[in-house]
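# Structural characterization, general
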Amino acid sequence: MNEAKAVRSRKDGGSSSVDASYSYTVLLAALFAIAAGLVGSVALMKRMVLASDVISHLALPGLGVAFLLKINPLVGGGATLFLGTLLIWQLQQKTGLATDAMIGVVFAAALGIGALVTPNEDLLEALFGNFQKLSLAGFLLGTAAVILVVVSLVHMKDRLILDLFSSELAAATGVNVPRLDLGFLLVFSLTVLVGLRFMGALLSSALIIIPAATARQLTGRMTQFVVVACVTSLVSVAAGFVISTLIFKTSTVGPTIVIVSVLLFALSLLKKK
Amino acid sequence: MTESLLSVRDLRVVFGNRVVLRELSFDVYSGDCLAIIGPNGSGKTVLLKALQHLIPYEGEIHWRQDARLGYVPQSVAADRQLPLRVRELLAAKARFLRLADREIEQVSSELDLSPEFANAGIGTLSGGQFQKVLLAFALLGRPNVLLFDEPTASLDELSEERIYEFVHELQCRRGITFILVSHDLSIVYRYASRVLCLSKGKSCMGPPKEILTPEMLEELYGAPPKYYRHIEEH
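First, a word on what this report is: a plain description of the structure on this page. (Residues numbered from 1 in each chain as written. Chains lettered and ligands numbered in written order. Predicted model: local features only at pLDDT ≥ 70, side-chain atom pairs only at ≥ 80, totals over all residues.)

### A word on the overall build of chain A
Secondary structure summary: chain A contains twelve helices and zero strands in total. When the helices and strands of chain A are read in sequence order from the N terminus, they spell out α-α-α-α-α-α-α-α-α-α-α-α. Expressed as a percentage of the 273 residues in chain A, the buried residues total 51%. For chain A, restricting intrachain contacts to residue pairs at least 6 apart in sequence, the fraction spanning at least 24 positions comes to 74%. (Helix = DSSP H or I, 4+ residues; strand = E, 2+ residues; numbered from the N terminus. Buried ≥ 20, exposed ≤ 12 C-beta atoms within 10 Å, placed from the backbone. Contact = placed C-beta atoms within 7 Å.)

Put into C-alpha cells, the structure is as follows:
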C-alpha cells in the first residue's frame, strides 16, 4: 500500500519528497481534527448525531464507483456525499418525515450500494480509510476545505445560536432557517470529505461526534465546549496515529483514532461522576 | 384616517383539509392593544405565526414599512442541555441584527436583569425567569409591535401581573402596539383596546365592552362563562 511504503521509507530514511508528502498527511489530519471538533460541537447541539453518522456513509457508493473507474476516490465520494446531503435536506424540508426514518432508509441504501460496487480489495480502505501519502496539491485542497469549514461556521455562528435556542424565534428574527440547515449540512459533508482519506466512510463521522460528546461531559459553557471538542479531537488523531504506526505498524489508523476518542469519552464520564 | 400599522385582507390558512383561518380581514393601528381570543384550536397561534410570515397562507398581510416586530411565544422547546448563557443568546441576536452593544444593556436594565442572571445557563432558569429571557429577546431591537402568545400561561398570578404591568408601561411610554393572545379575559378586559374573536373559522372584532358580553362569550366558547363577569368600568 502507498502509505505503508511511505511509513517504511520514512523509517529507512527515505527521500525527502516522501517525507514531505507524509508530513502533508499528518498536517491535514490535524487540521481535519480541528474542523471535526468545531462541526461536531454544533451537530451535537443540533441533536443531529445520527443524521451526521449517515452523511458519512453517503460517500461509500461514490468511493466504490471511483475505485472501479480508477479515478480519485475523493471525487466519487465527494459527489455522492454532496448529492446525498442535498437529498436529505430536501426530504427534511418537503416531506416532514421523521429524521430517524429517513436516516434508516438512506443509511441502508448507501451501505448496500457502496458494498456492492466497491471492489473487494478496496473495500477495507473505503470503509476505514488509510494514511496515504499526500501530494502538495491534495494538501492545499484539503487545507482550503478546512479553512472554508471554519470560516463558514464563524460566519453562521450567530444564526446557529439563535436556531439552536429556537428555530421558530430564529425565523421570527429573520434567520432563513432552511438555508441555514442546508449550509450546516454542506459544511458537515465537506468536513467528512476531508476526513474520508484518513477515516473512511464508516469512521469519519465518529471523529466529528465522539470528541464533541466528550467535551459536553466536561463543560457547560459554549466556548469551552467547542475548544475542548477541538482539543479532544486533535489528541485522538495524534494518539491514534502514533499508536497505529509505531505499535501496530499499520497504515489504517481510523479504527485506532476512534478507539482513542472512545476511551477519552469513557474517561470524561468518570470525571462527570 | 391614519395609515394602519397592519392590514390583513382575506387571510386564509389551511392545514391539509382543515381550514384554520377563513377570509379574515382586520386592521391594527399604532398604539392599539389588540387581544385575540377564542377556544382552543380556533387559530389564535396560527394567526400570530402567519402575521410574521412563519407559515404559508393565502391573502394579504401588509405591515407598515417602519414596523419592527418582537415576538414572545407561548413556550420554546429549547434544549435545556444547551451550553448557552442568557447573555450569549442576547448577544447573538444583537449581532445578527447589527445592534449596538448598549441595546443589550438597555433591555437588561429595563427588565432588571442582573449580571448573575445574564451569566446563567438557559437550562438552569425557572419558568418565570425563562419567560423573562423570552421577553428580553423580543424587546431587543426596539420593536414597535409586540406579539404575545399567552406568554404567561405557565406563570403564577403575581408573575403574570408583573409582566403585563411592565408591557402596559412600555405601551404608555413608547407607544408600542400590542397584539396579544390570551385566555385570561380579565387581562383582556383590562389592557385591550380591541378584541378579535376567532371561533370555528368565523371571526368578530370590536371594543372589549361590546365583545366580552356573556352572550358573545357563550357563542364563542359554546358554553356560558362560569368564571368571568366584568363589573368594573374600564
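### What to know about the pairing of strand β5 (residues 69-72) of chain B
Residue and element names in this part refer to chain B. The alternating pattern of β5 places Leu69 and Tyr71 and Gly70 and Val72 on opposite faces, both of which are buried. In this structure, β5 lies alongside strand β6 (residues 145-149), joined through four bridges in parallel fashion. The partner of Val72 across the bridge, within β6, is Phe148. (Pairing = 2+ DSSP bridges.)

### What to know about the interface of chain A and chain B
Counting residues at the interface gives 19 residues for chain A, matched by 18 residues for chain B. Only α8 (136-165), α9 (167-173) and α11 (222-248) of chain A provide two or more residues apiece to the side of chain A that touches chain B. With six residues, α8 of chain A is the largest single contributor of residues to the side of chain A that touches chain B. Its residues assigned to classes, the side of chain A that touches chain B shows ten nonpolar, four polar and five charged. (Nonpolar A, V, L, I, M, F, W, Y, C, P; charged D, E, K, R; others polar.)

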